[in-house]
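Each chain, written out:
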Amino acid sequence: MSEIKRPKESLIVNTDQVMINDLNNYNTLFGGVLMKKLDNNATLSARRHSRVKECVTASTDSIDFLYPITQSDSVCVESFVSYTGSKSMEIFCKVIAEDMISGERRMAATAFLTFVALDEDKKPTKVPEISPETEEEQFLYKSGKERAETRRIRRKHSKELTKMIQLEKPWEKGDLIYDDYVSGIK
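This text gives an overview of the structure that appears in the document. From a predicted model like this one, the values you see are computed outputs, not experimental measurements.

1. Section: a nonpolar patch on the surface
A cluster of nonpolar residues, Leu-161, Met-164, Ile-165 and Leu-167, forms a patch on the protein surface that exposes about 470 Å² of accessible area. Note on placement: Ile-165 falls in the loop between α2 (135–164) and α3 (176–185). The class of Ile-165 is partly exposed, set by a relative accessible area of 44%.

What follows is the structure in structure tokens.
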């Protein structure tokens, strides 16, 4: 019989300030900076849940940027396991921005990432199931099977697409348009 854990056992909370070098030309947090924070948090949630040495990101299903984050904000990323397969874990992340002057808090982003736990031989290994408790956890768990199916369909499509994607460099194709472009540069 496999072990069953509660989502709160994998909860990771990380709060950080927004630094000037984290900002884009609109003076809001770069999306890539936030994505790194999400992946870091989610990795820890996956490791805390599975209690294995290594967990790898299998997919980033979605990141919904809901509200811009500015330099006067702090960024709080909360993550926990919201759904499990036999060897994979879906991690739900929420990003709460807090204006450090006014104290106003707002939901800035949400995301779903999927991780696979690896054994000592770097092979996928079984992970504990979850038993949701709160209304939020139950909602995420009930809708998790549908998201897992969407991931399977998307992964199948991606594998089909990769069979058709060219790997040679554009200048090795013998493409007349490219050849004309290059000869015009000389």
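2. Focus: the side chain of Ser-82
Summarising the element assignment, Ser-82 is placed in strand β4 (residues 73–84). A residue is classified by how much of its surface remains accessible, and Ser-82, at 2% relative accessible area, is buried. In this structure the side chain of Ser-82 is engaged in a polar contact, spanning 2.6 Å, whose partner is the side chain of Glu-90. Not counting residues within four places of it along the chain, the set of residues in contact with Ser-82 comprises Glu-90, Ile-91, Phe-92, Phe-112, Ile-130, Leu-140, Tyr-141 and Arg-147.

3. Looking at the nonpolar core
Counting 27 residues, the largest nonpolar core has Ile-69, Met-89 and Val-95 as its most contacted members. For this core, the secondary structure elements donating two or more residues are α1 (31–50), β3 (54–65), β4, β5 (88–99) and β6 (105–118). Top contributing element to this core by residue count: β6, with 6 residues. Apart from the residues lying within four places of it in its own chain, the contact partners of Ile-69 are Val-18, Asn-27, Thr-28, Leu-29, Leu-34, Val-75, Val-95, Ala-97 and Ala-108.

4. Side note on the sheet that holds β5
Across the sheet, 5 strands lie side by side as β2-β4-β5-β6-β3; this open sheet has antiparallel pairing. Only two strands of the sheet have a single partner each, and these edge strands are β2 (12–17) and β3. Averaged over all neighbouring strand pairs, the angle between strand axes comes to 25 degrees, with direction disregarded. The pairing of β3 with β6 spans 10 bridges and is antiparallel. Following the sheet pairing, Glu-54 is matched in β6 by Leu-118. Contacting β2, β3, β4, β5 and β6, α1 crosses the sheet at an angle of about 40 degrees to β4. Its contacts with the sheet put α2 on β3, β4, β5 and β6, and the angle it makes with β4 is roughly 75 degrees.

5. Digging into the environment of Ser-59
Inspection of the secondary structure puts Ser-59 in strand β3. The class for Ser-59 is buried, based on a relative accessible area of 15%. Remark: the alpha-carbon pair of Ser-59 and Leu-113, spanning 54 residues in sequence, is separated by 5.7 Å. In contact with Ser-59, other than residues within four places in its own chain, are Leu-113, Thr-114, Arg-151 and Arg-154. At 2.6 Å, the side chain of Ser-59 forms a polar contact with the side chain of Asp-61.

6. Structural notes on α2
With 30 residues, α2 should cover 44 Å at 1.5 Å per step; its first-to-last C-alpha distance of 44 Å lies within 8% of that length. The largest bend along α2 reaches roughly 40 degrees and is located at Gly-144. Taken together, the buried positions of α2 are Glu-137, Leu-140, Ser-143, Gly-144, Arg-147, Ala-148 and Arg-151. Its buried side turned inward, α2 meets β3, β4, β5 and β6.

7. A short note on the packing of aromatic side chains
Enumeration according to the criterion identifies 3 aromatic pairs in this entry. The interplanar angle of 45 degrees and the centroid separation of 5.5 Å between the aromatic rings of Tyr-83 and Tyr-141 together place this pair among those described as tilted. Here Tyr-141 lies in helix α2 and Tyr-83 lies in strand β4, a separation of 58 residues in the sequence. Classification of Tyr-83 as buried rests on a relative accessible area of 15%.

Rules of the game
Residues numbered from 1 in each chain as written. Predicted model: local features only at pLDDT ≥ 70, side-chain atom pairs only at ≥ 80, totals over all residues. Heavy atoms only, no water. Patch = residues over 30% accessible without salt bridge, like charges linked within 9 Å, V, L, I, M, F, W, Y side chains within 5 Å. Areas by Shrake-Rupley, 256 points an atom, 1.4 Å probe, with all protein chains shown as cover. Salt bridge = Lys/Arg side-chain N within 4 Å of Asp/Glu carboxyl O. Helix = DSSP H or I, 4+ residues; strand = E, 2+ residues; numbered from the N terminus. Buried < 20%, exposed > 50% of the residue type's maximum accessible area, 1.4 Å probe, protein only. Polar contact = N/O pair within 3.5 Å; in protein donor to acceptor, adjacent residues only side chain to side chain. Contact = heavy atoms within 4.5 Å. Core = buried A, V, L, I, M, F, W, Y, C linked by side-chain atoms within 4.5 Å. Pairing = 2+ DSSP bridges. Axes fitted to C-alpha atoms, helices over the stretch in contact; angles between N-to-C directions. Expected span 1.5 Å × (residues − 1). Bend = angle between axes of the 7 residues up to and from the residue. Phe/Tyr/Trp six-rings, centres within 6.5 Å; stacked < 30°, edge-to-face > 60°.

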